[in-house]
Amino acid sequence: MSADTPVPDSLIVVSNRLPFVLKRNPETGKLERKASAGGLVTAVAPVVVKSKGLWVGWPGHLDDVNEPIPESDPNDKNPTSGLLSEKVVSVYITPKDFDLYYNGCCNATLWPLFHSMPERTLFSGDNWRAYTHANEKFADYTIKALHLAQKDKPANVKPIIWVHDYHLLLASNWIRQAAEDADLKCKLGFFLHIPFPPWDIFRLFPWADEVLQGMMGNDVIGFHIEDYCINFIDCCQRLLRCRVDRKNLLVEHGGRTVRVRALPIGVPYDRFVQLAEAAPKVMFTNQKIVLGVDRLDYTKGLVHRLKAFQRLLVKYPEHKEAVTMLQISVPSRTDVKEYQDLKEEMDQLVGRINGEFTTYNWSPIRYIYGCVSQDELAGFYRDSAVALVTPLRDGMNLVAKEFVACQINKPPGVLVVSPFAGAAETMHEALICNPYEIDEAAEVLHRALTMPEDERTLRMNYLRRREKTNDVNHWMRSFMQAMGSQFEKEEDDEMKGSPLKMQPVTVDDFDEYLADYIGEKNKVALLLDYDGTLAPIAPHPDLAILPVETKNVLQRLSHMSDVYVSIISGRNVYNVKEMVGIEGITYAGSHGLEILHPDGSKFVHPVPAELEEEVRNLLKALQDQVCRDGAWVENKGAVLTFHYRETPVNIRPELIEQARKLIADHGFKVGNSHCALEARPPVEWNKGRASIYILRTAFGYDWSERIRIIYAGDDVTDEDAMQALKGMAATFRVASSSIIRTAAEVRLTNTDSVLMMLKWLERHLSNREVTDENRLPKKYSHAISSMKVEMSFTPPSRKKDHSTINNIEEEDMPRLASQLHL
């Protein structure tokens, strides 16, 4: 760890595995730690140790989950040696669940999909459920770690929780929710070590929206390169319909701004230099070595690479007996058939090429299938003339950086990189080679082998200088600074012109969503939920007051001839009418079971008579058995709502489960709401059916052809309406930071965003009411303005046909002016 690496008050690292491997000593039978290689452990572990932080991860399949984690060997000099066992939090997952989660969803679904290989991707509901369950477990254990981290710490200390990689895409959201429920302060960051795919690939994943929302639980999200940042932001905008700031790489979700940053990872540069200096000679030949080092994985382009080398020997026979390709393939996922098939294909291809070109004193390919120590690897890096880093897709590829660090010989070698590796974005002096184009790849390889010494030296000097500066410690510093500035340096950064938060929603934001849809002539039906949509959620329903400004805008809209307004709530219909307090609009209560029309007539969906007695029985059962510790029942007539918002978090699950069972046992449907359960009568009626009934009653059976519809809601019950109106309405979901699936076209942040939408509608409709005002003589413009204001506030019972306003002739103006006392 570099001396100037910022050390947080406490760092909690959450990764799929612990930073060491646990193996049982065959002689003593005890668990022992074995060091794990990799830049993540090398860079992060010392910071965890120095900050007295914790590491959360899976320890492997252990026979006894209660067996304690052993301390490190006293002679161990690895980065994890100072990580005490009490600072390790092990996440235990059953072997069956782990197989579905890791081998199933992580490796068979997310890995190929994120590497833009959908044809290799397996979609499985069972695997996804196991992945979800595993992420919830990691979140639960992280909260335990957070409790430990905050023990004996000042109240103002905010530990940094740093979640890593595609195995834990959902965990951050649940960590944040649990921390907020328990009033635990923390900062959340995430880093993805593989590519993030473009929108047209990512959208293939059936649970894409949950993945994005899970990642949005963080304060900072890091990717290797800016391309991946742009892909992520694009997906958030297209799939979640979040507000985004592409220039400053910001995304808004659930009322929070998430910063997206390109933070390319580096390698422990100085350590590889030392390894290269100390490594013994490993290759005893005068031939030039073309080196490839990869896991045996289909994303690495190994078959393409061998074919390119074969083409080189055909096109440029002068390289025969002068060049040898050394391909080191590290075994990977050997129990998976796809990887077994790849190994067989590689074995056969190496055999064919060697069979075609081998002479009595030379074989063109030396193929090593197995693990190579870092000491040996440094020697291979140092003595190779060319390194071929040509994956079909790769997040970064640290082999390229390790090769550069080990190039201490004079003259140096040449680096060849695929444009589809993240490394190509930062290693500008490397030769770029498209692995899909075999002929081109052979040409690039020939150029690398014949490159003049001065050019090789110049290119390698630039590469080495950059990698020395941007090493793994620089990556660690960059991420810590990004996490710190999210909280402590906001004012400084914003003064420098780099905003850290999305600007508030404005009226103009809705031009993109609604202008073309509403048009210049269409009537508008406005269907709105109340709690959480028009009025902010409150601890008690009686405290959910409609803001004055929202009420005024709604009232003005209700007076416009082209607008029809309906409020559809879970409240009792008379209660929601009382809370809104606007005459002349339609009210629907109990999720549409009762509807009060503007003329005073009322529709009540029939409910079986026997349920009336059952409602009373259920009300009494809930009051007697689960109304404690702040929980209570709201009686809405046909619907009962069990509220647990003020109940302590630790006892909620038990009460919720008990209430669910009581509701179901009494023959009612269980509905989820904001910190509440609803008991609804078992009738086929919901907000969707009610919305269609309201529209048909107001506009006739051909309503879908005559009007434009806007629906806005914030709850699960509103999804019924959004599904029913899908394709026929502009739908808005006021979404919290919880992971939710929605049929809505657009997510809004809060009730203020709904107000902005209503203001946009008012402005848009007002601007079109008198379209020809500007062409009238100036002396009559005030008359038209007065008429416009008067008409805008005409009560529904006195609305007139304004279609003739646009056809007023100039000769009629004196008469109109006289009538208006001008």
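Now for a look at the structure at hand. These numbers come from a predicted model, not from an experiment.

Definitions and cut-offs
- Residues numbered from 1 in each chain as written.
- Predicted model: local features only at pLDDT ≥ 70, side-chain atom pairs only at ≥ 80, totals over all residues.
- Heavy atoms only, no water.
- Helix = DSSP H or I, 4+ residues; strand = E, 2+ residues; numbered from the N terminus.
- Expected span 1.5 Å × (residues − 1).
- Buried < 20%, exposed > 50% of the residue type's maximum accessible area, 1.4 Å probe, protein only.
- Contact = heavy atoms within 4.5 Å.
- Pairing = 2+ DSSP bridges.
- Axes fitted to C-alpha atoms, helices over the stretch in contact; angles between N-to-C directions.
- Salt bridge = Lys/Arg side-chain N within 4 Å of Asp/Glu carboxyl O.

Over its 14 residues, helix α7 (residues 226-239) extends 20 Å from the first C-alpha to the last, a length consistent with the 20 Å expected when each residue adds 1.5 Å. Buried residues of α7: Tyr228, Cys229, Asn231, Phe232, Ile233, Asp234, Cys235 and Cys236, and no others. Summarising the contacts, the buried residues of α7 are in contact with α5 (199-202), α6 (208-215), β8 (220-223), β9 (244-245), β10 (250-253) and β11 (256-262). Immediately beyond the C-terminal end of α7, within one or two residues, lies Arg241, with a positive phi of roughly 55°.

Next up on the list: the sheet that holds strand β28 (residues 730-734). Read across the open sheet, the eight strands follow the order β22-β21-β20-β19-β18-β27-β28-β29; overall the sheet is mixed. One side of each edge strand has no neighbouring strand; the edge strands of this open sheet are β22 (602-604) and β29 (746-748). Each adjacent strand pair in this sheet contributes to an overall mean axis angle of 15°, direction not counted. Looking at chain direction, strand β27 (residues 707-713) and β28 are connected through four bridges and run parallel. In the sheet register, Ala712 faces β28, and the bridge partner there is Phe732. Together, β19 (563-568), β20 (586-589), β21 (594-596) and β22 form the strand contacts of helix α19 (residues 573-580), whose direction differs from that of β20 by roughly 135°.

Look at helix α13 (residues 438-449): 17 Å from first C-alpha to last across 12 residues, which is about the 16 Å you get at 1.5 Å a residue. The set of residues buried in α13 consists of Ile438, Ala441, Ala442, Val444, Leu445, His446, Ala448 and Leu449. Those residues of α13 that are buried lie in contact with β12 (288-295), α9 (302-315), β13 (323-330), β15 (386-389), β16 (414-417) and β17 (431-432).

A few words on the pattern of salt bridges. Under the counting rule described, the total for this entry stands at 47 salt bridges. A salt bridge links Asp219 to Arg176; the nearest nitrogen and oxygen atoms lie 2.9 Å apart. Within this pair, whereas Asp219 is found in the loop between α6 and β8, its partner Arg176 is found in helix α4 (residues 171-181), the two being separated by 43 residues in sequence. For the pair Asp219 and Arg176, one class covers both residues: buried. Put simply, Arg176, Glu180, Asp219 and Arg256 are held in one network by salt bridges that share partners.

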